[in-house]
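Structural overview
Letter by letter, the chains look like this.
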Amino acid sequence: QVQLVESGGGVVQAGGSLRLSCAASGRTFSSYAMGWFRQAPGKEREFVAGVTRGGGSTYYADSVKGRFTISRDNAKNTVYLQMNSLKPEDMAVYYCAAKRGFRPPDDPPEYEFWGQGTQVTVSS
């Protein structure tokens, strides 16, 4: 069992930055690929970024490439999402998710564990 707790959300002006963190419980964090997803009101949950279990490879949705950076620290059982140049369309609840294995899929049902989410609000 893995428990995930996100933090770092908040209100930011367009063009600003936020850093999300996701702390995981358990001793097997490095066995899991990790993903960040987001869900805006009335929309489906969508893939934002993913990182392999060792942190060597990262993947991004086209909408965030060049602006967001995912990273992980397996010694701290934590995955991060650095979000720069935020836009109003980035506003959503952001979730981290864990899937046992090497590569992070971009399909939400493939993930085994989810955090409770953290709200990101971008004002224009």
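About the thresholds
Residues numbered from 1 in each chain as written. Predicted model: local features only at pLDDT ≥ 70, side-chain atom pairs only at ≥ 80, totals over all residues. Heavy atoms only, no water. Helix = DSSP H or I, 4+ residues; strand = E, 2+ residues; numbered from the N terminus. Rg over C-alpha atoms; globule rule 2.2 N^0.38 Å. Buried < 20%, exposed > 50% of the residue type's maximum accessible area, 1.4 Å probe, protein only. Contact = heavy atoms within 4.5 Å. Areas by Shrake-Rupley, 256 points an atom, 1.4 Å probe, with all protein chains shown as cover. Pairing = 2+ DSSP bridges. Axes fitted to C-alpha atoms, helices over the stretch in contact; angles between N-to-C directions.

In this section: the overall build of the protein. In terms of regular secondary structure, the protein is built from zero helices and 11 strands. Along the protein, helices and strands appear, N-terminal first, in the series β-β-β-β-β-β-β-β-β-β-β. The C-alpha radius of gyration computed for the protein amounts to 13 Å, which stays within 12% of the reference 14 Å derived for 124 residues, consistent with globular compactness. Each of the three principal axes of the protein carries a C-alpha extent, and together these read 40 × 25 × 25 Å. For the protein, the proportion of its 124 residues judged to be buried stands at 45%. The contacts of the protein with a sequence gap of at least 6 include a subset with a gap of at least 24, amounting to 59%. Carbon together with sulfur atoms contributes 45% to the accessible area of the protein, which is approximately 6,200 Å² in total.

Sheet strands line up and pair through hydrogen bonds in the backbone, either parallel or antiparallel. Pairing within the open sheet is antiparallel, and its four strands lie in the order 1-3-8-7. Each end of this open sheet is capped by a strand with a single partner; those strands are strand 1 (4-7) and strand 7 (68-73). Across this sheet, the average inter-strand angle for adjacent strands is 15 degrees, counted without regard to direction. Here strand 7 runs beside strand 8 (residues 78-83); their pairing, made up of six bridges, is antiparallel.

The subject of this paragraph is the pairing of strand 5 (residues 46-51). Across the six residues of strand 5, five count as buried, placing the element largely inside the fold. Counting the residues that bridge the hairpin from strand 4 (residues 32-39) to strand 5 gives six residues, and of these Gly42 lies at a positive phi of roughly 80 degrees. Pairing analysis gives three bridges linking strand 5 to strand 6 (residues 58-60), with the strands arranged antiparallel. Along strand 6, the bridge assignment pairs Gly50 with Tyr59. Linking strand 5 back to strand 6 in an antiparallel pair, the connection comprises six residues, with Gly55 at a positive phi of about 85 degrees.

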